[in-house]
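As a plain string of letters, each chain reads:
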Amino acid sequence: MTKKFKIDLPKIQGDLEEARFRDLYLEEDLYLHDCSITGAFLENEEIDKLILSKVKFNNVTLIHSSFYKIDMTDVVFENCDLSNTNFKEGILYRVHFKDCKLMGVDFEKANLRNVTFENCMLDMSEFVETDLKPVLFDQSSLKQANFYETKLNAVKFESCNIEEIDFTETSLNGIDISTCKFNTIHVDLTSLKGCTVSREQAIVFSTLLGLQVKED
């Protein structure tokens, strides 16, 4: 477990007015705030520099879309499908994804601060050159996710499936993956220094060193 791990949840108080995603096109600025969006279906949207503040999304499908340089503060996504959506170079602050499908989602070069992924599917997601601090991946699937040259500062992986995850050129110093499941991951040996693993995982990593483990 990462030492002194603490994460702030979205700060949303009181009842939120129900809104539609399309409402933002009626505004002079691309800005949605203090509202709740439920049951929307959107595909192939393309909006740059969208701002979201104190917004709850519930049962929303928003797939194959691009939100380059999005700015989110105090936002909750619950039971949403955001597969193959682009959040490149976005800023996410106090954002909570719960029971969401995020297959192939792209957070390349984004900044994630106090972000939680709870029971989410993040298979084949992209976190290339992303800055994470602090971020919690809780009981989520990260199969074949790409964390190439990612900054992991106060990041916790709790009971996740990280099969074939790619940590190439990413330091795992201070990161605990001992509760995670995998048979194969991609990581260079220098990046493993300071990483906490289980006894069983240590046997897997020993193969990277060319060691042969003798059975008792």
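Check the entry above for the structure.
Residues numbered from 1 in each chain as written. Predicted model: local features only at pLDDT ≥ 70, side-chain atom pairs only at ≥ 80, totals over all residues. Heavy atoms only, no water.

## Notes on helix α1 (residues 199–206)
Owing to its 3.6 residues per turn, the α-helix brings residues three or four apart onto one side.
Here is step 1: Every buried residue of α1 is accounted for by Q201, F205 and S206. Down the axis of α1, the smallest arc covering the buried residues is 150°, so these residues share one side. Among the exposed residues of α1, those pointing more than 90 degrees away from its buried face are R199 and E200. (Buried < 20%, exposed > 50% of the residue type's maximum accessible area, 1.4 Å probe, protein only. Helix = DSSP H or I, 4+ residues; strand = E, 2+ residues; numbered from the N terminus. Arc of directions from axis to C-beta.)

## Concerning the packing of aromatic side chains
Here is step 1: Going through the model one piece at a time under the given rule, you end up with 18 aromatic pairs.
Here is step 2: Measuring from ring centre to ring centre gives 6.0 Å for F157 and F167, while their planes differ by 80°; the resulting arrangement is edge-to-face. Of this pair, F157 sits in strand β12 (residues 155–158) while F167 sits in the loop between β12 and α1; the two residues are 10 residues apart in sequence, bridging distant segments of the chain. Pair check on accessibility: F157 and F167 agree, each one buried. (Phe/Tyr/Trp six-rings, centres within 6.5 Å; stacked < 30°, edge-to-face > 60°.)

## A closer look at the nonpolar core
Here is step 1: By size, the foremost hydrophobic cluster in this structure holds 60 residues, and its most contacted members are F21, F97, F117, F137 and F147.
Here is step 2: Within the residue set of this core, elements represented by two or more residues are β2 (31–38), β4 (51–58), β6 (71–78), β7 (91–98), β8 (111–118), β10 (135–138) and β12.
Here is step 3: Apart from residues lying up to four places away in sequence, F147 is in contact with F127, L132, F137, L142, L152, F157, I165, D166, F167, T168 and T170. (Core = buried A, V, L, I, M, F, W, Y, C linked by side-chain atoms within 4.5 Å. Contact = heavy atoms within 4.5 Å.)

## Side note on the pairing of β10
Here is step 1: The alternating pattern of β10 places V135 and F137 and L136 and D138 on opposite faces, both of which are buried.
Here is step 2: Here β10 pairs with β12 via four bridges, running parallel. Its bridge partner lying in β12, L136 is registered against K156. (Pairing = 2+ DSSP bridges.)

## A word on the environment of E126
Here is step 1: Relative to the helices and strands, E126 is located in the loop between β8 and β9 (131–132).
Here is step 2: According to the relative accessible area criterion, E126 is partly exposed, its value standing at 27%.
Here is step 3: Along the primary structure E126 and S159 are separated by 33 residues, whereas in three dimensions their C-alpha atoms are 20 Å apart.
Here is step 4: Not counting residues up to four positions away in its chain, the partners in contact with E126 are V105, D106, F107, E108 and N146.

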